[in-house]
Amino acid sequence: MSVEIEFDMEKEVLKSFENLTQSSIFPSNQEKELEKLKTIGFPNRNSENWKYTKLSKLYKKKFTDPKSADLKVFPISKLPNISASTIVLENGIINKHLTCVDQTDGLEISFFSSNSSEIESKINHTTSKYEDAFTCLNSYLLNEGIYIKVKKNTKITQPIYIVNVVTNSGVAVNSRLNLELEKFSELTVLQSFIGPNSSSSFVNHVTEAHLSENASLHINKHQDYKDVINLVSEYIHQDSNSSFTINTFSYSGELIRNGLNVDVDGQNCHTELNGVFTVNNNDYIDNHTLVNHIQPNCQSHENYKGIIKDKGVGVFNGKVIVHKDAQKIQAYQNNNNILLSDYSKIFAKPELEIYADDVKCSHGSTTGQLDEEALFYLKSRGVSSNTAKKLLLEGFIGEIADKISHQNFKEYIIDKLI
Amino acid sequence: MSDTIIKIKNLRCEVEGQEILKGLDLEVKKGEIHAIMGPNGSGKSTLSSVLAGKEDYEITSGTVDFLGNDLLELSPEERSWKGLFLAFQYPVEIPGVSNVNFLRTALNERNKFLEKEQISAKDFLAMVKEKSELVGLNNKLKNRSVNEGFSGGEKKRNEIFQMAMLEPKLSILDETDSGLDIDALKIVSDGVNQLKSSEKATIVITHYQRLLDYIVPDFVHVLSDGKIIKSGDKNLALKLEEKGYDWLKTDVPV
Ligand SMILES: Nc1ncnc2c1ncn2[C@@H]1O[C@H](COP(=O)(O)OP(=O)(O)O)[C@@H](O)[C@H]1O
Ligand SMILES: [Mg+2]
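Residues numbered from 1 in each chain as written. Chains lettered and ligands numbered in written order. Predicted model: local features only at pLDDT ≥ 70, side-chain atom pairs only at ≥ 80, totals over all residues. Heavy atoms only, no water.

Novice: Can you walk me through the overall build of chain B in this structure?
Specialist: Regarding its fold elements, chain B presents ten helices and twelve strands. The globule rule puts the C-alpha radius of gyration for 254 residues at 18 Å, and the 18 Å found for chain B is close to it. Seen through its principal axes, chain B has C-alpha atoms that stretch 55 × 40 × 40 Å. Expressed as a percentage of its 254 residues, the buried residues of chain B come to 52%. When the accessible surface of chain B is summed, it comes to about 11,800 Å², and 46% of that surface belongs to carbon and sulfur atoms. Both charge centroids of chain B, one from 34 positive and one from 41 negative side chains, sit 3 Å from each other. (Helix = DSSP H or I, 4+ residues; strand = E, 2+ residues; numbered from the N terminus. Rg over C-alpha atoms; globule rule 2.2 N^0.38 Å. Buried < 20%, exposed > 50% of the residue type's maximum accessible area, 1.4 Å probe, protein only. Areas by Shrake-Rupley, 256 points an atom, 1.4 Å probe, with all protein chains shown as cover. Lys, Arg positive; Asp, Glu negative; His and termini not counted. Charge placed at Lys NZ, Arg CZ, Asp CG, Glu CD.)

Written as structure tokens, this is what we have:
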């Protein structure tokens, strides 16, 4: 079935956002970004990478400028209690009351809005080659961004907690996070995309991270919007001996799409991508990942688990490219899915493209139901049916949830995922 | 109160249109140990699964009274809460679910159902210690995922450990002896014997007589082709050991 949209795609799509064009914090950039956007074009169902994504859901909507929305006080107490520097971006605007950053030597945090001229030159270094329409749209309509630099040899022990909260319906938020890790620096970021009253909004977020030699970056992120279209594009660049880990937990949102791109451009790097996605109702959650092994002697590990309920649709598309000169790469990829209803669907596609000859790579994907024998076993020992299901699901995602070292964050997330 | 723990009358069941239990009768009273023997495929595991509440089987006739309850109307977890326990012939491995955590959940859900107090962490740990010593369950296994990577013998010990923790009124042991060497067999049987009481009963399913040297039954029944075709005392088991099952088949009373 292909009733293809026969109209001026860019023009029509941009109409969805026409009320917003005043809001960019880089106004001088807008014309250039718009031109770029028009050249790239918005994806549709014929675009290989977007074929399962019902983008019409996005293209049909009209959004208002978040600045014109009322700022409501978000009950931050609902978030997991973590001792961390916290930055709250509410409807794309820094909420100063809830933001609290500990000053530490070697750590520089600034907001794009207060330092736009200097920051403009620091962004989009990792994104341009990917030519992604929504990343361009993000630059074009950018509301706010957070820039974090960790200076050489600085190890930030306390995590930085970034909350991207939407408290209004029908708004479009374009936000950014730029992370610059200098040599031998370390940082942990926790990211919450959350919005209990956020229906019909659109959150288009871009994260860029540059890891210099021997730097280490750890991101734990979760996505929990109500009826929101949430696109997150991540662009990670790793220099040699660096270590990058991201754990993505997605469980609520009308349409969630994570596009995670890692360029491993140095030797002896460690790259780890993990995720759990639980799809409810009619929701759609899509994890597209790409690991580009450009240099030899690196390891990457990827492990995603999907739990698909109701009429939910899940997508896992993990691609690993090992370039010609990238010998002695070890790349492992795993994906397991559990379908909990007859109507739930998963499209799983692990892909390996290998152009080097001396590599160790494996990938696999399984999809099944809850193990009936195991359920019966637990029930026969006196565990009620619902609890037994929960225990099995908890067991299913356990190896990934265990990667979160912040206990409160972990419990909070597990509770939502199962 | 009646002394009967379970009373099975004319039980018939089918799976995929094929009849497996074909009119089975059995009554077990408090304090008794019953052994059910019979050739492979005669329906022993089917009987235990049906009693534990597995849904694969369609009950076509018969009744089962368990301590005054209509057993066949209860969910598997309710059967457990009311005191039924099945030690599986093939215990499943459940990756990611901790052995003791799930048991604690099971105990607490049972206590809630029985309107009893929740078990404290301290009491629970003390109980785990006591019961695991009883069956010689390796300390490390208690905290591992349920049965994951356990040897055959360890799985069986884990079954008896769980039985000891849940303190059932009726335990059904489905070929708990298979896959056990003689030492393990002794430990498991000791465990079962120590849990014996005048208020409880046990059904031991086996097709080797040797287990019955350790767990001495009050009654022995022979299950063949979905029916109990002969019952007797422990000497019946010895006779079966000597003569096999075939001599029975020729003089089945019609
Ligand atoms: N779930 C099932 N599906 C199909 N056939 C079954 C199932 N369970 C048992 N059977 C069949 O029922 C018969 C009895 O099996 P079982 O109860 O396991 O015997 P036993 O434990 O005495 O060896 C066998 O013929 C077996 O193949
Ligand atoms: Mg059997």
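Back to the write-up after that little detour.
Novice: Explain the packing of aromatic side chains here, please?
Specialist: Note on aromatic pairs: each is described by the distance of the centres and the angle between the planes. Residues and elements named next belong to chain A. Within this structure, the stated rule accounts for 14 aromatic pairs over all chains. With a centroid separation of 5.3 Å and an interplanar angle of 50 degrees, the aromatic rings of Trp50 and Phe134 are classed as tilted. One end of the pair, Trp50, is in the loop between α2 (30–40) and α3 (56–59); the other, Phe134, is in helix α5 (residues 133–141), and 84 residues separate them in sequence. Phe134 shares its class with Trp50; the two are buried. Joined through ring pairs, the aromatic side chains of Phe42, Trp50, Tyr59 and Phe134 make up one cluster. Above the face of the Phe396 ring, Lys305 is positioned so that its terminal group lies 5.2 Å from the ring centre. (Phe/Tyr/Trp six-rings, centres within 6.5 Å; stacked < 30°, edge-to-face > 60°. Lys NZ or Arg CZ within 6 Å of the ring centre and 35° of its normal.)

Novice: What should I look at first to understand the layout of surface pockets in this one?
Specialist: Empty space among the atoms becomes visible once a probe the size of a water molecule is rolled across them. Residue and element names in this part refer to chain A. What the largest pocket holds in volume is close to 670 Å³. Of all the secondary-structure elements, those providing two or more residues to the lining of the largest pocket are α5, β10 (228–238), β12 (255–264), β14 (284–293), β16 (313–322) and β18 (345–354). Residue classes in the lining of the largest pocket are distributed as 16 nonpolar, nine polar and eight charged. (1 Å grid on protein atoms, 1.4 Å probe; cavity = no way out; pocket = protein on both sides within 12 Å on 5 of 7 lines; lining within 4 Å. Points joined across faces, edges and corners; volume = space filled by probe spheres on them. Nonpolar A, V, L, I, M, F, W, Y, C, P; charged D, E, K, R; others polar.)

Novice: In this structure, what is going on with the nonpolar core? I would like to understand it.
Specialist: The nonpolar side chains of a soluble globular protein tend to be buried with one another. Membership of the largest hydrophobic core comes to 115 residues, with the highest contact counts inside it found for Leu378(A), Ile6(B), Ile8(B), Ile94(B), Phe102(B) and Leu170(B). Mapping this core onto the domain boundaries places at least three of its residues in each of domain 1 (67–373) and domain 2 (374–418) of chain A. (Core = buried A, V, L, I, M, F, W, Y, C linked by side-chain atoms within 4.5 Å. Domains from an automatic or database assignment.)

Novice: Looking at this model, I keep getting lost on the side chain of Ser250(A). Mind explaining?
Specialist: Residue and element names in this part refer to chain A. One can find Ser250 in strand β11 (residues 243–252). Separated by 2.7 Å, the side chains of Ser250 and Gln223 make a polar contact. Sequence-distant contacts of Ser250, that is, excluding residues within four places in its chain, are made with Gln223, Ile256, Asn258, Val276, Phe277, Thr278, Ile285 and Leu417. (Polar contact = N/O pair within 3.5 Å; in protein donor to acceptor, adjacent residues only side chain to side chain. Contact = heavy atoms within 4.5 Å.)

Novice: Honestly, the environment of Gly38(B) in this entry has me stumped. Any pointers?
Specialist: Residue and element names in this part refer to chain B. Of note, Gly38 is situated in the loop between β3 (33–37) and α1 (44–52). The sequence separation of Gly38 and Asp183 amounts to 145 residues, and the corresponding C-alpha distance is 24 Å. When near neighbours in sequence (up to four residues on either side) are disregarded, Gly38 contacts Lys44, Thr206, His207, Leu223 and Tyr245.

Novice: What is the right way to look at the sheet that holds strand β17 (residues 330–339) of chain A in this model?
Specialist: Hydrogen bonds between backbone groups are what pair the strands of a sheet, and the pairing can be parallel or antiparallel. Residue and element names in this part refer to chain A. Strands sit in the order β2-β1-β5-β7-β9-β11-β13-β15-β17-β19 across an open sheet of ten strands; the sheet is mixed. Each edge of the open sheet is held by one strand with a lone partner, namely β2 (93–94) and β19 (360–368). Of the pairings in the sheet, the one linking strand β15 (residues 299–308) to β17 comprises ten bridges and is parallel in character. Counted as the bridge partner of Lys305 is Asn336 from β17. The strands touched by helix α7 (residues 385–401) are β11, β13 (270–279), β15 and β17; relative to β15, the strand with the most contacts, the crossing angle is about 155 degrees. Helix α8 (residues 407–417) rests against β5 (160–165), β7 (186–195), β9 (216–225), β11, β13 and β15 of the sheet, and its axis sits at about 40 degrees to β11. (Pairing = 2+ DSSP bridges. Axes fitted to C-alpha atoms, helices over the stretch in contact; angles between N-to-C directions.)

Novice: When you look at the coordination of the magnesium ion (ligand 2) in this model, what are you seeing that I'm missing?
Specialist: Geometrically, a metal with four donors at the corners of a regular tetrahedron has ideal angles of 109.5 degrees, and one with six donors at the corners of a regular octahedron has ideal angles of 90 or 180 degrees. The protein atoms that coordinate the magnesium ion (ligand 2) are Ser45(B) (OG) and Gln89(B) (OE1), at distances spanning 2.1 to 2.2 Å. Here the residue Ser45(B) occupies a position in helix α1, and Gln89(B) occupies one in the loop between β6 (84–87) and β7 (94–98), the gap between them amounting to 44 residues. (Donors = N, O, S within 2.8 Å, 3.2 Å for Na, K, Ca; no water.)

Novice: Explanation requested: the site of ligand 1 in the structure shown.
Specialist: All names here are of chain B. The immediate surroundings of ligand 1 are formed by Val15, Ile20, Pro39, Asn40, Gly41, Ser42, Gly43, Lys44, Ser45, Thr46 and Tyr57. Gly41 places a main-chain nitrogen or oxygen 2.7 Å from an oxygen atom of ligand 1. Separating an oxygen atom of ligand 1 from a side-chain N or O atom of Thr46 is a distance of 2.5 Å. Protein burial of ligand 1: of its 560 Å² of free accessible surface, 66% is covered by the chains. Considering every element that reaches the shell around ligand 1, the biggest residue donor is α1, with three residues. A per-class count over the shell around ligand 1 returns four nonpolar, six polar and one charged. (Near = heavy atom within 4 Å.)

Novice: Got a minute to help me understand helix α9 (residues 234–243) of chain B in this structure?
Specialist: At 3.6 residues per turn, the α-helix brings residues three or four places apart onto the same side. Residue and element names in this part refer to chain B. Restricting attention to buried positions, one finds in α9 the residues Leu236, Ala237 and Leu240. Buried residues of α9, seen end-on, are gathered within an arc of 100 degrees and therefore sit on one face of the element. Exposed side of α9, more than 90 degrees from the buried face: Glu241 and Glu242 are the residues found there. Looking one or two residues beyond α9, the residue adopting positive phi is Gly244, at roughly 75 degrees. (Arc of directions from axis to C-beta.)

Novice: What should I look at first to understand the interface of chain A and chain B in this one?
Specialist: Quite often, the size of an interface is put as the accessible area lost when its parts meet. Listed per partner, the contact involves 16 residues of chain A and 28 residues of chain B. Summed over both sides, the interface of chain A with chain B buries roughly 1,900 Å², with 65% coming from carbon and sulfur. Viewed at the interface, chain B and chain A are joined by two salt bridges. Taken together, chain A and chain B are joined by 13 residue pairs in polar contact (both at pLDDT 80 or more). (Buried area = accessible area lost by both parts, 1.4 Å probe. Salt bridge = Lys/Arg side-chain N within 4 Å of Asp/Glu carboxyl O.)

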